[in-house]
Amino acid sequence: VCLSSCLSVCLSTQRPDPDIKTTLFDVLRDILLFHWRFFFPSNVVLSRVQQSPGGAETSDHQPQFVAIMQAFGQSFLQPDINIFRKNLQTMEELNSKCKLYSKELFRQMMLQQFINVWLQVLIQKSHDLLSDEIQAAIYHMAMLDFTVFFTHILPAFLISSDGLQQGQKEALAENFRRDEDQPSFINNLKQFLGDVRYLYTVNQCLPKDSVKL
């Protein structure tokens with residue numbers, strides 16, 4: 001009942017008092033952090049509960065986990081920077097302590113969506129005070145499989161981006177250097193974001209196909 005009540009408020013399109021929403025996200029954080037095995041049983045328990053055909057972790061409570069992640073994801077689309085910061089810290093904490101980003105369910109259903117949202121936030125500079133933290137979180141997700149990031153996630157993000165021409169999208173993906181250490185990756189990410197912003201701006205002012213990287 002507590003979980004359902006928290007989710008109904010956090011996922012609501014209405015705007016409750018920010019303090020109330022912050023408190024409810026704290027509750028969701030504590031539910032995940034202190035009851036992780038409720039959502040992802042240990043291998044011993046899992047063998048007694050349910051095993052997917054592919055051997056991936058699963059349980060009867062994963063729909064609730066997905067709903068909590070949806071609540072966090074929606075908060076990253078809102079202007080409240082304090083809730084954004086708190087929930088970003090929560091996700092990084094869950095990754096550090098529980099390997100959130102490595103969970104098969106998260107990687108298959110959510111990882112790309114979170115990266116897409118954060119890339120868009122960085123491009124728009126809507127939460128510029130948190131740019132370093134957002135870039136670090138993107139790196140922590142990308143490092144799970146750099147090949148997937150560079151060959152699937154990044155091109156898919158560019159394909160879905162309005163305001164860029166096809167040749168520009170291809171050049172942006174190709175020009176993103178494949179360095180895998182964190183400082184170099186983040187420097188390359190910053191270059192990528194700057195190039196996207198530049199192209200967005202000039203495409204609004206100049207004839208089609210007149211701007212190339």
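Okay, so let's go over this structure. Worth saying up front: this structure is predicted, and the values here are computed from it rather than measured. (Residues numbered from 1 in each chain as written. Predicted model: local features only at pLDDT ≥ 70, side-chain atom pairs only at ≥ 80, totals over all residues. Heavy atoms only, no water.)

1. Some thoughts on the pattern of salt bridges
Think of it this way: side chains of opposite charge can pair up when their charged atoms draw near.
Link 1 in the chain: Enumeration over the complete set of coordinates arrives at 5 salt bridges.
Link 2 in the chain: Of the charged contacts, one joins Arg-29 and Asp-30 as a salt bridge, the two residues approaching to 2.5 Å between their closest N and O atoms.
Link 3 in the chain: Take Asp-30: its relative accessible area is 31%, and that puts it in the partly exposed class.
Link 4 in the chain: Note that Glu-93 is salt-bridged to Arg-29, the shortest N-O span being 2.9 Å. Placement of Glu-93 in helix α6 (residues 81–98) and of Arg-29 in helix α2 (residues 18–34) is noted, with a sequence separation of 64 residues between them.
Link 5 in the chain: One continuous salt-bridge network, built from bridges that share partners, spans Arg-29, Asp-30, Glu-93 and Lys-97. (Salt bridge = Lys/Arg side-chain N within 4 Å of Asp/Glu carboxyl O. Buried < 20%, exposed > 50% of the residue type's maximum accessible area, 1.4 Å probe, protein only. Helix = DSSP H or I, 4+ residues; strand = E, 2+ residues; numbered from the N terminus.)

2. Here we look at the environment of Val-202
Link 1 in the chain: With respect to the helices, strands and loops of the structure, Val-202 is situated in helix α12 (residues 182–203).
Link 2 in the chain: Of the residues examined, Val-202 reaches a relative accessible area of 15% and is grouped as buried.
Link 3 in the chain: When the C-alpha atoms of Val-202 and Gly-163 are compared, they prove to be 9.9 Å apart, with 39 residues separating the residues in sequence.

3. Structural notes on the environment of Ala-137
Link 1 in the chain: Relative to the elements of secondary structure, Ala-137 occurs in helix α9 (residues 131–142).
Link 2 in the chain: For Ala-137 and Gln-89, which are 48 residues apart along the polypeptide, the C-alpha to C-alpha distance reads 9.2 Å.

4. Considerations on the packing of helix α8 (residues 111–124) against α9
Link 1 in the chain: The geometry of α8 relative to α9 is characterised by a closest axis approach of 10 Å and an angle of 150° between their N-to-C directions. Comparing the axis directions of α8 and α9 gives the class roughly antiparallel. The two elements α8 and α9 meet at a crossing, and its hand is left-handed. Contacts between α8 and α9 involve Leu-111, Phe-114, Ile-115, Trp-118, Leu-119, Val-121 and Leu-122 from the former and Ser-131, Ile-134, Gln-135, Ala-137, Ile-138 and Met-141 from the latter.
Link 2 in the chain: A class-by-class count of the residues in the contact of α8 with α9 yields 11 nonpolar, 2 polar and no charged. (Axes fitted to C-alpha atoms, helices over the stretch in contact; angles between N-to-C directions. Parallel < 35°, antiparallel > 145°, perpendicular 65-115°, else oblique. Left-handed = near helix turned anticlockwise from the far one by under 90°. Contact = heavy atoms within 4.5 Å. Nonpolar A, V, L, I, M, F, W, Y, C, P; charged D, E, K, R; others polar.)

5. Comments concerning the packing of aromatic side chains
Link 1 in the chain: For the structure on display, the rule yields 23 aromatic pairs.
Link 2 in the chain: With 5.6 Å between their ring centres and 20° between their planes, Phe-106 and Phe-114 make a pair best called stacked. When sorted by exposure, Phe-106 lands in the same class as Phe-114, which is buried.
Link 3 in the chain: Centroid distance Phe-149 to Phe-176: 6.1 Å. Interplanar angle 75°. Geometry classified as edge-to-face. Pair noted here: Phe-149 is in helix α10 (residues 146–159) and Phe-176 is in the loop between α11 (166–175) and α12, with a separation of 27 residues, a long-range link. Across this residue pair, the class does not change: Phe-149 and Phe-176 are buried.
Link 4 in the chain: Through successive ring pairs, a cluster of aromatic residues spans Tyr-139, Phe-146, Phe-149, Phe-150, Phe-176, Phe-185 and Phe-192. (Phe/Tyr/Trp six-rings, centres within 6.5 Å; stacked < 30°, edge-to-face > 60°.)

6. A closer look at the side chain of Glu-93
Link 1 in the chain: In this structure the side chain of Glu-93 is engaged in a polar contact, spanning 2.9 Å, whose partner is the side chain of Arg-29.
Link 2 in the chain: Setting aside residues up to four positions removed in sequence, Glu-93 forms contacts with Arg-29, Leu-33 and Cys-98. (Polar contact = N/O pair within 3.5 Å; in protein donor to acceptor, adjacent residues only side chain to side chain.)

7. Side note on α6
Link 1 in the chain: For α6, with 18 residues, the first-to-last C-alpha span of 25 Å sits near the 26 Å given by 1.5 Å per residue.
Link 2 in the chain: Along α6, the residues classified as buried are Ile-83, Phe-84, Asn-87, Leu-88, Thr-90, Met-91, Glu-92, Glu-93, Leu-94, Asn-95 and Cys-98.
Link 3 in the chain: Contacts from the buried residues of α6 go to α2, α3 (36–39), α5 (62–75), α7 (104–109), α8 and α9.
Link 4 in the chain: Taking the backbone nitrogen of Asn-82 as reference, a side-chain oxygen 3.0 Å away marks Asp-80 as the first, capping residue of α6.
Link 5 in the chain: Where α6 terminates, the next one or two residues include Lys-99, which has phi positive at roughly 55°. (Expected span 1.5 Å × (residues − 1).)

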